[in-house]
Amino acid sequence: MRNRSVADLMTPTAVAVQPGTSFKEIARLLDEYGITAVPVVDEDNRPVGVVSEADLLRRHTAKGGPSTAGAMMSSPVVVARPSWTAIEAARLMERHRVKRLPVVDAGGQLIGVLSRSDLLQLFLRRDRAIQEEILEDVVMRILGISPAALHIDVDEGRVTLSGTLERKSIAPVFVRLCESVDGVVEVVDRLTYEDDVDRDEGDSDAPAEAEAPPLP
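Model, not experiment: these values are computed from the prediction.

J.: So what exactly am I meant to see when it comes to the confidence of the model for the protein chain here?
T.: Caution is warranted with low-pLDDT regions, since their predicted coordinates should not be read in detail. Of the residues in the protein chain, 88% have a pLDDT of 70 or more, and the chain-wide mean is 88. The low-confidence segment residues 206-216, where pLDDT is below 50, has zero contacts with residues more than four positions distant or belonging to other chains.

Structure follows, in structure tokens:
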């Protein structure tokens, strides 16, 4: 099972600006490329900040002051690594309340940008692809169990597990693995278990308790 990484989802950097880039040039780039923010890099192509539409609007309504990227940018910049999972990147966005992350390589140089809209690609994954990954990777390869007694239904990313597992103890692991598959929104557990059946049958074979003699 392979979760898509930041490198799989990010937009390779098409545009970046330097601290001395002017207000009008930044506005033109945002309009030309259809983006809402642009990373600011130093002379070594390392991110030092981000300028967004909101930063431009704040500068436009402010009185005086410099109107370069270096003066308007939000800094310090929060960055992601290409090897991170989408979940790691999403948690970082939530923690720092940002909508996009510059992505840097091992040397700290800018190689891409990951936005919230890029992360949403995970949830546009087709149901059939999700179902196949659960059957092939989770059920057969990782858990090593036969899919013959299981039924996995996927509808708009909602996974419903039904059928019979050998042991109930497998269920929590099964559910967690399914939840980690890209594109899964929710997992519904409707599984039954052979060890529960064996326990019930064993109870039915136990000798009946002797009835108390009637009172005189």
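J.: Help me out: how do you make sense of the pairing of strand E3 (residues 47-52) in this one?
T.: Each regular strand carries side chains that alternate between the two faces of the sheet. Summarising burial for E3: five of the six residues are buried, a large majority. When strand E2 (residues 37-41) meets E3, the two strands line up antiparallel, connected through five bridges. Within E3, the position partnered with Ala-37 by the bridge is Ser-52. Taking the residues that link successive antiparallel strands as the turn, the E2-E3 hairpin has five residues, and the phi of Asn-45 there is positive, at about 65°.

J.: Looking at this structure, I do not really get helix H2 (residues 23-33). What am I missing?
T.: In an α-helix, one turn spans 3.6 residues, which is why side chains three or four residues apart end up on the same side. Residues Ile-26, Leu-29 and Leu-30 constitute the buried set of H2. Taken down its axis, H2 places every buried residue within 100° of arc, on the same side. Across from the buried face of H2, at angles greater than 90 degrees, the exposed residues are Lys-24 and Asp-31. One or two positions beyond H2, positive phi appears at Gly-34, with a value near 65°.

J.: How should the pairing of strand E4 (residues 100-104) be read in this particular structure?
T.: Within E4, four of the five residues are buried, which leaves it mostly tucked inside the rest of the structure. Note: E4 against strand E5 (residues 110-115), five bridges, orientation antiparallel. Within E5, the position partnered with Val-104 by the bridge is Leu-110. Linkage of E4 to E5, two consecutive antiparallel strands, is achieved through a turn of five residues, within which Gly-108 is found at a positive phi near 80°.

Conventions and cut-offs
Residues numbered from 1 in each chain as written. Predicted model: local features only at pLDDT ≥ 70, side-chain atom pairs only at ≥ 80, totals over all residues. Heavy atoms only, no water. pLDDT = per-residue confidence, 0-100. Contact = heavy atoms within 4.5 Å. Buried < 20%, exposed > 50% of the residue type's maximum accessible area, 1.4 Å probe, protein only. Helix = DSSP H or I, 4+ residues; strand = E, 2+ residues; numbered from the N terminus. Pairing = 2+ DSSP bridges. Arc of directions from axis to C-beta.

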